[in-house]
Amino acid sequence: MPGYVVALFDDFVADPRGARLQRWIELEAPEGLSDDHVLRRIFRAKLVEVRRGQEAGLIDASWNPMDLVTLLTEIALSMAVGFSVISGIAGEARAGDSLGVRRAAAAEAARRLVAF
């Protein structure tokens, strides 16, 4: 799971338009996507992988797979794109803050979410 979050983080940093598209889809499109739409198929595949990891004892089985995927996606999104906005609003920058620090924090948060 940390690798998944880091890959999402890297994608969002490399192309923030992907993060905006993610939000747009969440806000506008869920009802409009057909059952066989590519985005629904991708999300279903993620849920299957989470369930498989839970069955194998690699992921805490107390999580609802949909909730876990949502949380992991939000960690990547907020640390990659949203963090600079929020820290600017709060007027607080962390000492030594960098993309690498935020990336590592996202990975660690994911690790802790799935740990037993």
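Residues numbered from 1 in each chain as written. Predicted model: local features only at pLDDT ≥ 70, side-chain atom pairs only at ≥ 80, totals over all residues. Heavy atoms only, no water.

K.L.:
Before we move on, can you summarise the overall build of the protein chain with the specific residues and values?
P.N.:
Tallying secondary structure elements over the protein chain gives 5 helices and 0 strands in all. Counting helices and strands in the order they occur from the N terminus, the protein chain gives α-α-α-α-α. By the burial criterion, 29% of the 116 residues in the protein chain qualify as buried. Put simply, of all contacts in the protein chain between residues at least 6 apart along the chain, 66% involve residues at least 24 apart. In the structure as shown, the protein chain presents an accessible area of about 7,400 Å², 60% of it carried by carbon and sulfur atoms. (Helix = DSSP H or I, 4+ residues; strand = E, 2+ residues; numbered from the N terminus. Buried < 20%, exposed > 50% of the residue type's maximum accessible area, 1.4 Å probe, protein only. Contact = heavy atoms within 4.5 Å. Areas by Shrake-Rupley, 256 points an atom, 1.4 Å probe, with all protein chains shown as cover.)

K.L.:
Lay out the pattern of salt bridges in plain terms, naming residues and giving numbers.
P.N.:
The final tally for this structure, using the stated rule, is 5 salt bridges. With a closest N to O distance of 2.7 Å, Arg103 and Asp10 form a salt bridge. Within this pair, whereas Arg103 is found in helix α5 (residues 99-114), its partner Asp10 is found in helix α1 (residues 2-14), the two being separated by 93 residues in sequence. In this structure, Glu49 engages Arg52 in a salt bridge whose closest nitrogen and oxygen atoms are separated by 2.6 Å. Taken together, the residues Glu49 and Arg52, both in helix α3 (residues 38-55) and 3 residues apart, mark about one turn of the helix. On the basis of relative accessible area, Glu49 is assigned to the partly exposed category, the value being 40%. (Salt bridge = Lys/Arg side-chain N within 4 Å of Asp/Glu carboxyl O.)

K.L.:
Could you give me a rundown of the nonpolar core, with the residues and numbers involved?
P.N.:
Within the largest apolar cluster, 20 residues are counted, with the highest numbers of intra-cluster contacts made by Val5, Phe12 and Leu68. Counting residues per element, this core draws most heavily on helix α4 (residues 65-90), at 8 residues. (Core = buried A, V, L, I, M, F, W, Y, C linked by side-chain atoms within 4.5 Å.)

K.L.:
Break down a nonpolar patch on the surface for me, with residues and values.
P.N.:
A cluster of nonpolar side chains, Val38, Leu39 and Ile42, forms an exposed patch at the surface whose accessible area comes to about 220 Å². If you trace the backbone, Ile42 turns up in helix α3. (Patch = residues over 30% accessible without salt bridge, like charges linked within 9 Å, V, L, I, M, F, W, Y side chains within 5 Å.)

K.L.:
Break down α1 for me, with residues and values.
P.N.:
Between the first and last C-alpha of α1 there are 18 Å, a value that for 13 residues agrees with the 18 Å anticipated at 1.5 Å per step. Within the span of α1, buried status applies to Val5, Val6, Leu8, Phe9 and Phe12. Seen along its axis, α1 keeps its buried residues to an arc of 160 degrees; they face one direction. For α1, the exposed residues lying more than 90 degrees away from the buried face are Asp11 and Ala14. (Expected span 1.5 Å × (residues − 1). Arc of directions from axis to C-beta.)

K.L.:
Break down α3 for me, with residues and values.
P.N.:
Taking 1.5 Å per residue as the helical rise, α3 with its 18 residues ought to reach 26 Å, and the 26 Å between its terminal C-alpha atoms agrees with that figure. Buried within α3 are the following residues: Leu47, Val50, Gly53 and Gln54. Down the axis, α3 shows its buried residues gathered within 120 degrees of arc, on one side only. Counted as exposed and oriented over 90 degrees from the buried face of α3: Arg52 and Glu55. After α3 finishes, the residue Gly57 shows a positive phi value of roughly 80 degrees.

Honestly, it's all geometry; don't read function into it.
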